[in-house]
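# A closer look at the structure
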Amino acid sequence: MTTRSATTRTTRRLTTAQALIAFLSRQYTERDGRRRRLINATWGIFGHGNVAGIGQALVESGPAMPYLQGRSEQAMVHAAVGYARQSGRLSAHAVTTSIGPGATNLVTGAALATVNHLPVLLLPGDTFATRPADPVLQQLEVPHAGDVSVNDCLRPVSRYFDRITRPEALIPAALQAMRTLADPEATGAVTLALPQDVQAEAYDWPAEFFAARVWHVRRPAPDPYELEEAVRAVRTARRPLIVAGGGVHHSAAEETLAAFAADTRIPVASTQAGKGSLRHDHPADVGGIGHTGTATADDLAREADLVIGIGTRYTDFTTASGTLFADPAVRFLNLNITGFDAHKLAALPLVADARTSLEALGAALTARGHHVDPAYETAYTDAKDRWEQRVDAAFAVPDPDARPTQAQVLGLLDELVTEDDILINAAGSLPGDLHKLWRARSPRQYHVEYGYSCMGYEIPAALGVQLAAPGRPVWALVGDGTYLMNPTEIVTAVQESLPIKLVILQNHGYASIGGLSESVGAERFGTAYRHRAADGSFTGPPLPVDLAANAASLGMRVLRAESVRDLRGALAEARGADRPTCVYVETRTPDTVSGPPPAQAWWDVPVAETATRPSAVAAREEYDRQTAARRPQL
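To start, this report covers the structure provided alongside it. (Residues numbered from 1 in each chain as written. Predicted model: local features only at pLDDT ≥ 70, side-chain atom pairs only at ≥ 80, totals over all residues. Heavy atoms only, no water.)

Before going further, it helps to examine the sheet that holds strand β24 (residues 581–586). Sheet strands associate in pairs through backbone hydrogen bonding, adopting either a parallel or an antiparallel arrangement. Here we have six strands laid out as an open sheet, ordered β20-β19-β21-β22-β24-β23, and parallel in their pairing. Here the strands that pair on one side only, and so sit at the sheet edges, are β20 (446–448) and β23 (557–561). Pairs of neighbouring strands in the sheet enclose a mean axial angle of 20 degrees, with direction left out of account. Seen against the sheet, helix α17 (residues 430–437) touches β19 (422–425), β20 and β21 (474–479) and runs at an angle of roughly 150 degrees to β20. Strand contacts of helix α18 (residues 458–468): β19, β20, β21 and β22 (501–506), with the helix running at about 175 degrees to β21, the strand carrying the most contacts. (Pairing = 2+ DSSP bridges. Helix = DSSP H or I, 4+ residues; strand = E, 2+ residues; numbered from the N terminus. Axes fitted to C-alpha atoms, helices over the stretch in contact; angles between N-to-C directions. Contact = heavy atoms within 4.5 Å.)

Below is the structure:
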């Protein structure tokens, strides 16, 4: 209904929920002249806290706001995050839940989004603002604070949080929410908590609230003083190294980085989030860096006198817990859109958009004819060639009738995929193997979520990626531990006819944490999926869990592979499938020849300072040796 107030202002009488959905359907981002819808769909699971509000509003909106039916609240956020990442942070999804457990199930996904600077809008139901009945179903009572609900759990994992206790409060809150989502420096999870009575309350909304609104995504340029300092730092460095982070992708700076590296000959290593910033065959690409990195990149890092971070947060995996950058004279230059990250490691900051700053820095260096010493270039390209031989050895298949190792599974995918394929992973031993071994062919092929390293991310994220990249083959690679965490969105993939390709690697336990447990003297305790033995340990036969049958029961087509030969055919068949398809394979433990290269840099996981078991005593001695090499960068 449209009305006119006494002052002739046009209004629309809608519920708060109806107004919010109408508002969201008219929000857009714009960058580099391209406009995209900001909130392109809403995921939801309905309960008493949102069914009569947001649920009814979605029915009213019809095709103006597409709806996606989820099975797990956490998984819905993961799917939305996958969509946002694949969309370059220019388009996002909303997620609506009921109050209580539906809302608290959002917390893990929200933390993942915020850690990775990826936009997602959370719309959890909340308890009554008017409190006609107190407590209501699923309400957490806090004796010392009547205005607290479980939604307050979302405050520390959200970049913006507001509780809409009156209809008119939605207007400033919704505008702040969109500003945060579209801001490349501030973006992450945004939460608008919606009391269930306020959702259904009607209000006369100004028509201007529903006008199309475009949020310009900034590309801030570098400060001239900071730029000149950066030029000076690069020109005086003898062994510079670039560390490309996720900000390269978020800024769509891949081509600019490729040109910069080609002109300056500075080698480029990549974090998990930054892998694919250069194609694997670019002469300057030296692979992953840090604990899961290549020997080439890590050796360069140990000797670098200038580290140029581009859009990276410098997590402990990247810095080898503060032990990797070992040259006493090493200095840091950080190109980052956030001042917080740009100043890390006592760096020279270049606070700007990654693409804009690379263009400016590259132009200044090219004008001076700057590039690294040819001997340095020859040294790192030769080292890269030697590493590629190690990758080939890990991918090699001497016996096609044997069960494959995990590295050989990746090798078969390496043979099969083109630059169109997208690989998704998040946790376990696969991120390490992928970071060291995978040959990225296009900027958004490598999708490993390692900021939060959340088990259960891969399958729902594949749905979001597939929605953002229809027609491209999307692979979710999971171990048995990750699969058991969160397989529910297979049902949604079937419902929406999203032809994701799921590869389940069955190794009967937590392989990654098992190896870590052994290295820190915990003897793989509690990491195997086995029956309890007579002595109380989990050392009996493997559990008779049939994950392939489980995936099939959820509606997936399942292809079982018993050998490398079977697996090669199954992967090819899955790639060409037009429906959700699972490839199930039991992997074997690699030997020292067929396995991936070991970690090329340390990672700090504290070891028991006092223990009686020999394994823990030996692990502590190694730990003390490693920590002695750590020093602060000042």
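Before going further, it helps to spend a moment on the sheet that holds strand β13 (residues 240–244). Read from one edge of the open sheet, six strands run β15-β14-β13-β16-β17-β18, paired in parallel fashion. Edge positions in the open sheet fall to β15 (285–288) and β18 (348–351), since each of these has one partner strand only. Along the sheet, successive strands turn relative to each other by an average axial angle of 20 degrees, direction set aside. Inspection of the sheet shows strand β17 (residues 331–336) paired to β18 by four bridges, in the parallel sense. Directly across from Asn-336, in β18, lies its bridge partner Val-351. Together, β13, β14 (268–270) and β15 form the strand contacts of helix α11 (residues 295–303), whose direction differs from that of β15 by roughly 100 degrees.

Right, let's talk about a nonpolar patch on the surface for a bit. On the surface, Leu-484, Leu-543 and Val-545 cluster together to form a nonpolar patch covering roughly 220 Å² of accessible area. Residue position: Leu-543 is located in the loop between α21 (511–519) and α22 (547–553). (Patch = residues over 30% accessible without salt bridge, like charges linked within 9 Å, V, L, I, M, F, W, Y side chains within 5 Å. Areas by Shrake-Rupley, 256 points an atom, 1.4 Å probe, with all protein chains shown as cover. Salt bridge = Lys/Arg side-chain N within 4 Å of Asp/Glu carboxyl O.)

All told, the structure shown has twelve aromatic pairs when counted by the stated rule. Joined through ring pairs, the aromatic side chains of Phe-23, Tyr-203, Trp-205, Phe-209 and Phe-210 make up one cluster. The positively charged end of Arg-35 is found above the aromatic ring belonging to Tyr-28, 5.5 Å away from the centroid. The ring of Tyr-584 carries Arg-560 above its face, with NZ or CZ at 5.6 Å from the centroid. (Phe/Tyr/Trp six-rings, centres within 6.5 Å; stacked < 30°, edge-to-face > 60°. Lys NZ or Arg CZ within 6 Å of the ring centre and 35° of its normal.)

All right, on to the pattern of salt bridges then. Counted according to the given criterion, the structure contains 36 salt bridges. Across the pair Glu-228 and Arg-368 runs a salt bridge whose closest N-O atoms are separated by 3.6 Å. With Glu-228 in helix α8 (residues 224–236) and Arg-368 in the loop between α14 (354–367) and α15 (374–395), this residue pair connects regions lying 140 residues apart in the sequence. Taking relative accessible area as the criterion, Glu-228 reaches 36% and is therefore assigned partly exposed. Residue classification places Arg-368 among the partly exposed positions, given a relative accessible area of 37%. (Buried < 20%, exposed > 50% of the residue type's maximum accessible area, 1.4 Å probe, protein only.)

What follows is about the packing of α8 against α14. Two elements in contact, α8 and α14, have axes whose closest approach is 10 Å; the angle formed by their N-to-C orientations is 55 degrees. Considering the angle they form, α8 stands oblique to α14. α14 is crossed by α8, and the crossing has right-handed handedness. Note on element contacts: α14 touches α8 through Ala-360, Leu-361, Ala-364 and Leu-365, opposite Leu-227, Ala-230, Val-231, Val-234 and Arg-235. (Parallel < 35°, antiparallel > 145°, perpendicular 65-115°, else oblique. Left-handed = near helix turned anticlockwise from the far one by under 90°.)

Where α11 is concerned, the buried positions are Ala-295, Thr-296, Ala-297, Asp-298, Leu-300 and Ala-301. Looking at the buried positions of α11, the neighbouring elements they touch are β13, β14, β15 and α15.

Counted under the stated rule, the structure contains two cavities of 30 Å³ or more. A volume near 170 Å³ is recorded for the largest cavity. For the largest cavity, the lining is made up of 21 residues, of which Lys-275, Asp-285, Gly-287, Glu-388 and Trp-438 are closest to its centre. Of all the secondary structure elements, the ones that give two or more residues to the lining of the largest cavity are β15, α15 and α17. (1 Å grid on protein atoms, 1.4 Å probe; cavity = no way out; pocket = protein on both sides within 12 Å on 5 of 7 lines; lining within 4 Å. Points joined across faces, edges and corners; volume = space filled by probe spheres on them.)

α15 packs onto α11 with a crossing angle of 145 degrees between their chain directions and a minimal axis gap of 8 Å. Facing Ala-295, Thr-296 and Leu-300 of α11, the residues of α15 in contact are Tyr-376, Tyr-380, Ala-383, Lys-384, Trp-387 and Arg-390.

Let us look at the side chain of Arg-219. Here Arg-219 lies in the loop between β12 (213–216) and α8. The class of Arg-219 is buried, set by a relative accessible area of 17%. In terms of polar contacts, Arg-219 uses its side chain to reach the side chain of Asp-353, at 2.9 Å. Residues within four places of Arg-219 in sequence aside, it is in contact with Arg-31, Asp-32, Ser-251, Ala-252, Asp-353, Arg-355 and Thr-356. (Polar contact = N/O pair within 3.5 Å; in protein donor to acceptor, adjacent residues only side chain to side chain.)

Looking now at the environment of Val-148. When you line up the elements, Val-148 lands in the loop between β8 (120–126) and β9 (160–163). Not counting residues up to four positions away in its chain, the partners in contact with Val-148 are Leu-140 and Val-142.

Along β13, five of the five residues are buried, which leaves the element largely enclosed by surrounding structure. On β13, burial covers both faces: Pro-240, Ile-242 and Ala-244 on one face and Leu-241 and Val-243 on the other are all buried. Judged from the five bridges that link them, β13 and strand β16 (residues 306–310) form a sheet pairing that is parallel. Bridge assignment links Leu-241 to a residue of β16, and that residue is Val-307.

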